[in-house]
Amino acid sequence: QVPLVESGGGLVQSGGSLRLSCAASTSIFRLYTMAWYRQAPGKQRELVASATTGGKSYYADSVKGRFTISRNSAKNTVDLQMDSLKPEDTAVYYCNVLPPEKLNNAWGQGTQVTVSS
């Protein structure tokens, strides 16, 4: 059982916004860098954004300036605010730790994000 649950995906028009949320166990949230990944059809899964326990963030070049990752220590959640969405952002988005090998590469079901042009 993967101790991470993603939510918040959906269908949105190009230029729109979505907010994804990931609920983690307290131990995982406190110990690890949390990250969002995505996998588009026919492509490999890629790292989108990450946030360390110390508050440092990383963003892939393709989403820099449009996406914001945030950790909520009161709720043990990590959110991904996605603005100015583009059709190329369409993918299944997954939450996991970074690197995912820390949790034996276990992945949840993810949440589908579809951006229409």
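Each remark here, short or long, concerns the structure printed above.
Residues numbered from 1 in each chain as written. Predicted model: local features only at pLDDT ≥ 70, side-chain atom pairs only at ≥ 80, totals over all residues. Heavy atoms only, no water.

### Observations concerning the sheet that holds strand 5 (residues 46–51)
The following threshold applies: A strand pair is defined by DSSP finding two or more bridges across the two strands. The helix and strand labels rest on DSSP assignments: H or I over at least four residues marks a helix, E over at least two residues marks a strand, and numbering proceeds from the N terminus. With axes taken as lines fitted to C-alpha atoms, and helix axes fitted only over the stretch in contact, angles between N-to-C directions fall between 0 and 180 degrees.
Taken in spatial order, the six strands of this open sheet run 2-10-9-4-5-6, and their pairing is mixed. Each of the sheet's edge strands pairs with one partner strand only, and the pair in question is strand 2 (10–13) and strand 6 (57–59). On average, each strand axis in the sheet is inclined to that of its neighbour by 25°, with strand direction left out of account. Bridge analysis of strand 9 (residues 91–98) against strand 10 (residues 111–116) gives three bridges, and the strand direction is antiparallel.

### A word on the state of the cysteines
As a reminder, the rule being used: Any two cysteine sulfur atoms lying within 2.5 Å of each other are counted as a disulfide.
Scanning the entire structure with this criterion turns up one disulfide. Linked covalently through their sulfurs, C22 and C95 form a disulfide whose S-S length is 2.1 Å. Around the S-S axis, the bridge from C22 to C95 shows a dihedral of about -75° and counts as left-handed. Here C95 lies in strand 9 and C22 lies in strand 3 (residues 18–24), a separation of 73 residues in the sequence.

### A closer look at the nonpolar core
Here is the rule we go by: Nonpolar cores are built from buried Ala, Val, Leu, Ile, Met, Phe, Trp, Tyr and Cys residues. Side-chain atoms within 4.5 Å join them into one set. Only protein chains enter the calculation, and the probe is 1.4 Å; a residue is then buried if its accessible area is under 20% of its type maximum, exposed if over 50%, and partly exposed in between.
Residues M34, W36, L80, M82 and Y93 are the most contacted members of the largest nonpolar core, which totals 30 residues. Those elements that place two or more of their residues in this core are strand 3, helix 1 (26–31), strand 4 (33–39), strand 5, strand 7 (67–72), strand 8 (77–82), strand 9 and strand 10.

Interpretation note: all reported values are geometric properties and have no functional meaning in isolation.
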